[in-house]
Amino acid sequence: SILSGLILSGTEKILLLDRLAGEYVFFQDFFQYEFRFSTRRPILEHLDTLCCYLKEQKAIHFERGEIEVQPDGRKTLKNWALLVQSYLEAYWIVWETLLLKPTEPLAGKALLKDILQNAKDALLLGRIQCPEAVSPVVFENALQALQKMRPSRAFKESLEKIMDV
């Protein structure tokens, strides 16, 4: 799902698997509290396997580490990307709330209440699409991940880019 979102968010006609690997590892680390990622194989080998699967599904053309979205493949990729959409939106809401309250500590019931209110407002205003994104458990996981990562404003832009696929 994350790989599909990264492929769809790419601006080039042909994407390089090596470049996507760095972004994939970022999201793999970021969502460590939500998903269990395979670590049995090196990341490029794992992504190569995923790309071969997407190629079998006729979503992409994949050869020698180069990825090109097939004309009819966008729908398939979009369907896969939608599987993580609610998590992306929830993490984005947490980050946006923290930007609005930069002096608040990264914990506490008051902060969680503010995040929840921001999420409800965002859902009503159409800034997020998934009602499942309004999840206190996911918000707490996002706060825990953000404490470890100390992301910059560029992080928010990365989330928005992959959310908009």
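Just above sits the structure.
Residues numbered from 1 in each chain as written. Predicted model: local features only at pLDDT ≥ 70, side-chain atom pairs only at ≥ 80, totals over all residues. Heavy atoms only, no water.

Moving on: the nonpolar core. By size, the foremost hydrophobic cluster in this structure holds 46 residues, and its most contacted members are I7, I60 and I67. For this core, the secondary structure elements donating two or more residues are α1 (2-9), α2 (17-30), α3 (43-56), β2 (60-63), α4 (73-81), α5 (85-100), α6 (109-125) and α7 (136-149). Among the elements that take part in this core, α5 stands out by supplying eight residues, more than any other. Apart from the residues within four sequence positions on either side, I67 is in contact with I7, K13, I14, L15, L17, L20, C51, I60, H61 and F62. (Core = buried A, V, L, I, M, F, W, Y, C linked by side-chain atoms within 4.5 Å. Buried < 20%, exposed > 50% of the residue type's maximum accessible area, 1.4 Å probe, protein only. Helix = DSSP H or I, 4+ residues; strand = E, 2+ residues; numbered from the N terminus. Contact = heavy atoms within 4.5 Å.)

Turning next to the packing of aromatic side chains. Tallied over the entire structure, the rule returns 11 aromatic pairs. Each ring, one from Y53 and one from W80, has its centre 6.0 Å from the other, and the planes form 85°; the classification is edge-to-face. Taken as a pair, Y53 in helix α3 and W80 in helix α4 lie far apart in primary sequence, 27 residues in all. Classification of Y53 by relative accessible area gives partly exposed; the value is 36%. Taken together, Y24, F26, F27, F30, F31, F35, F37, Y87 and Y91 form an aromatic cluster joined through their ring pairs. (Phe/Tyr/Trp six-rings, centres within 6.5 Å; stacked < 30°, edge-to-face > 60°.)

Burial along β2 is one-sided: the face carrying I60 and F62 is buried and the face carrying H61 and E63 is not. As paired strands, β2 and strand β3 (residues 66-69) are joined by four bridges and run antiparallel to one another. Note that in β3 the partner of F62 across the bridge is I67. (Pairing = 2+ DSSP bridges.)

Note on pairing: side chains with opposite charge can pair once their charged atoms come close. Counted under the stated rule, the structure contains three salt bridges. R127 is the salt-bridge partner of E96, the closest N and O atoms lying 2.5 Å from each other. Placement of E96 in helix α5 and of R127 in the loop between α6 and α7 is noted, with a sequence separation of 31 residues between them. Since its relative accessible area comes to 13%, E96 is described here as buried. Residue R127 is classed as partly exposed on the basis of its relative accessible area, which comes to 36%. (Salt bridge = Lys/Arg side-chain N within 4 Å of Asp/Glu carboxyl O.)

Orientation of α1 relative to α4, taken along the N-to-C sense of each, is 130°, at an axis distance of 7 Å. One way to sum up the angle between α1 and α4 is to call them oblique. Helix-helix and strand crossings are classified by hand; for α1 and α4 the assignment is left-handed. Contacts from S4, G5, I7 and L8 in α1 reach R74, L77, K78, W80 and A81 in α4. Across the contact of α1 with α4, the residue classes break down as five nonpolar, two polar and two charged. (Axes fitted to C-alpha atoms, helices over the stretch in contact; angles between N-to-C directions. Parallel < 35°, antiparallel > 145°, perpendicular 65-115°, else oblique. Left-handed = near helix turned anticlockwise from the far one by under 90°. Nonpolar A, V, L, I, M, F, W, Y, C, P; charged D, E, K, R; others polar.)

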